[in-house]
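Structural overview
So you can see what is in the structure, the chains are spelled out below.
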Amino acid sequence: MTSDGAISGDEGFYHQAYDITEERTKQFYADWAATYDKELVDGRDYAQPARCADAFERHLAPGGEPIADLGCGTGLLGRTLSERGYTTLDGVDYSPEMLALARATGLYRRLWSADLNEALDIPNGTYAGVAAMGVFSFGHVYADALDEMMRILRPGGVLIIGVNEVFVNEGTLTPKIDGLAAAGTAEVAESGYGDHMPESGVNGWVYVLRRT
Ligand SMILES: C[S@@+](CC[C@H](N)C(=O)[O-])C[C@H]1O[C@@H](n2cnc3c(N)ncnc32)[C@H](O)[C@@H]1O
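Here the structure is a predicted model, which means the values were calculated and not measured. Residue positions within a chain follow its written sequence, with the count starting from 1. This being a predicted model, a pLDDT of at least 70 is required before a residue's local features are given, and a value of 80 or more before pairs of side-chain atoms are given or counted; all residues contribute to the totals for chains, interfaces and linings.

1. Let's talk about unusual backbone geometry
Note the threshold: Secondary structure counts use DSSP, requiring at least four H or I residues in a row for a helix and at least two E residues in a row for a strand, with both numbered from the N terminus. Neighbour counting defines burial: a residue surrounded by 20 or more other C-beta atoms within 10 Å of its own C-beta is buried, one with 12 or fewer is exposed, and intermediate counts give partly exposed, using backbone-placed C-beta atoms.
For aspartate 45, which is not glycine, the phi dihedral falls at a positive 60°. With respect to the helices and strands, aspartate 45 occurs in the loop between helix 1 (22–43) and helix 2 (48–59). The exposure class assigned to aspartate 45 is partly exposed, which follows from the 16 C-beta atoms found within 10 Å.

Here's what the structure looks like:
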């Protein structure tokens, strides 16, 4: 770690995150949870919480409309959305260690454990906003999970996806988004390329899909 707190190279956990298998992912977050925020926020200047919150502000006015933070992790997005006036936040993650830290923020109305690659126990059209920030990746959540994410959105609601460019370049996510648009399920309201993990030289995308 440098004197200003930045982490580079193969310190910490982040450098392993694009090279793990589904079997290892839960244990990876159990091991990382306690130092996750320090590494990503202080060490690597994680840009997605601000970028995704900016996208919410452009498409869903702050207030009490319900938002689901899928793969909420330690609650970094919940903190940013809460600072910007979003007050009804639910969080889902399959890591008990990450969920415990999200719970400690005191900012979520409900938090529960579920695998985002499977059917979600959430009624159709429950949410005005859904976030999937940092969850689409190798050994994490796959493009087909978008069907469930769209199902739990109200018509007119928005799904905000923050994703690293390495996984976008893997090539399964954007064809799935295009398929939802072609089927008339969603409209791509935005797709923006920019910072993801600037201190590590990784860029990323923010996609905004509006449920039709
Ligand atoms: C890189 S972290 C992102 C956390 C948070 N959204 C953020 O951006 O800081 C990925 C999160 O997704 C969760 N996750 C990975 N695969 C999952 C799955 N199949 N179902 C539910 N959660 C999953 C992990 O437990 C972890 O908390």
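2. So, the site of the ligand
To keep it simple, the criterion reads: To decide whether a residue is near a molecule or strand, its C-beta atom is placed from the backbone and checked for lying within 6 Å of it. Ten residues, namely Ala, Val, Leu, Ile, Met, Phe, Trp, Tyr, Cys and Pro, are considered nonpolar, four, namely Asp, Glu, Lys and Arg, are considered charged, and the remaining ones, Gly among them, are considered polar.
Around the ligand, a shell composed of 20 residues is seen, among which Gly71, Gly73, Tyr94, Ser95 and Gly134 lie nearest. Within the residue set of the shell around the ligand, elements represented by two or more residues are helix 1 and helix 3 (76–83). For the shell around the ligand, the class distribution of residues is ten nonpolar, eight polar and two charged.

3. Considering the nonpolar core
Let me state the cut-off plainly: A set of buried Ala, Val, Leu, Ile, Met, Phe, Trp, Tyr and Cys residues, joined through C-beta atoms within 7 Å, is what we mean by a nonpolar core. Think of it this way: build a C-beta for each residue from its backbone, and any pair within 7 Å is a contact.
Residues Cys52, Val130, Ala131, Ala132, Leu159 and Ile160 are the most contacted members of the largest nonpolar core, which totals 60 residues. Filtering out sequence-adjacent residues up to four positions away, isoleucine 160 remains in contact with Cys52, Ala55, Phe56, Gly129, Ala131, Val206 and Val208.

4. Section: the packing of helix 1 against helix 4 (residues 96–105)
To keep things clear, this is the line we draw: Whenever a helix is involved, its axis is fitted only over the stretch in contact; in every case the axis is a line through C-alpha atoms, and angles between N-to-C directions fall within 0 to 180 degrees.
Viewed as axis vectors pointing N to C, helix 1 and helix 4 meet at an angle of 30°, and their least axial separation amounts to 7 Å. The residues of helix 4 that touch helix 1, namely those facing Tyr29, Ala30 and Ala33, are Glu97, Met98 and Leu101. Of the residues that constitute the contact of helix 1 with helix 4, the class distribution is five nonpolar, no polar and one charged.

5. Let's talk about the sheet that holds strand 7 (residues 202–211)
Hydrogen bonds between backbone atoms are what pair the strands of a sheet, whose relative direction is either parallel or antiparallel. Rule in force here: At least two bridges found by DSSP between two strands is the condition for calling them paired.
Strand order in the open sheet made by the seven strands is 3-2-1-4-5-7-6, with mixed pairing throughout. In this open sheet, the two edge strands, each paired with only one partner strand, are strand 3 (110–113) and strand 6 (186–197). The mean inter-strand angle of the sheet, taken between neighbouring strand axes irrespective of direction, is 15°. Bridge count between strand 4 (residues 127–133) and strand 5 (residues 153–164): six bridges; the pairing is parallel. In the strand pairing of strand 5, tyrosine 127 is matched with leucine 153. Docked against the sheet, helix 3 engages strand 1 (67–70), strand 2 (89–93) and strand 4, running at close to 170° with respect to strand 2. Strands in contact with helix 7 (residues 173–182) are strand 5, strand 6 and strand 7; relative to strand 6, the strand with the most contacts, it is inclined by about 160°.

6. A short note on the environment of alanine 119
Looking at where alanine 119 falls in the secondary structure, it is placed in the loop between strand 3 and strand 4. When the C-alpha positions of alanine 119 and valine 163 are compared, they lie 21 Å apart, and in sequence the two are 44 residues distant.

7. Let's talk about helix 4
Condition: Regarding the arc, it is the one traced by the directions from the helix axis to the C-beta atoms.
Among the residues of helix 4, Met98, Leu99 and Ala102 are the ones counted as buried. Viewed end-on, helix 4 has its buried residues packed into an arc of 100°, placing them on one side of the element. Seen from the buried face of helix 4, the exposed residues on the opposite side, beyond 90 degrees, are Pro96 and Ala104. Against helix 1, helix 3, strand 2 and strand 3 lie the buried residues of helix 4. The first or second residue beyond helix 4 is glycine 106, which carries a positive phi of 70°.

8. Some points on the pairing of strand 2
As a reminder of what qualifies: Place the viewer so that the strands point away; then a crossover is right-handed whenever the path from the first strand over the helix to the second strand goes clockwise.
Burial runs high along strand 2: five of the five residues are buried. In terms of strand pairing, strand 1 meets strand 2 through four bridges, oriented parallel. Across the sheet, the residue bridging to aspartate 69 is glycine 91, located in strand 2. Read from strand 1 through helix 3 to strand 2, the crossover connection turns out right-handed. Strand direction decides the pairing type here: strand 2 and strand 3, joined by four bridges, are parallel. Paired with aspartate 90 across the bridge in strand 3 is arginine 110. In this region the chain leaves strand 2, passes through helix 4 and returns to the parallel neighbour strand 3; the handedness of that crossover is right-handed.

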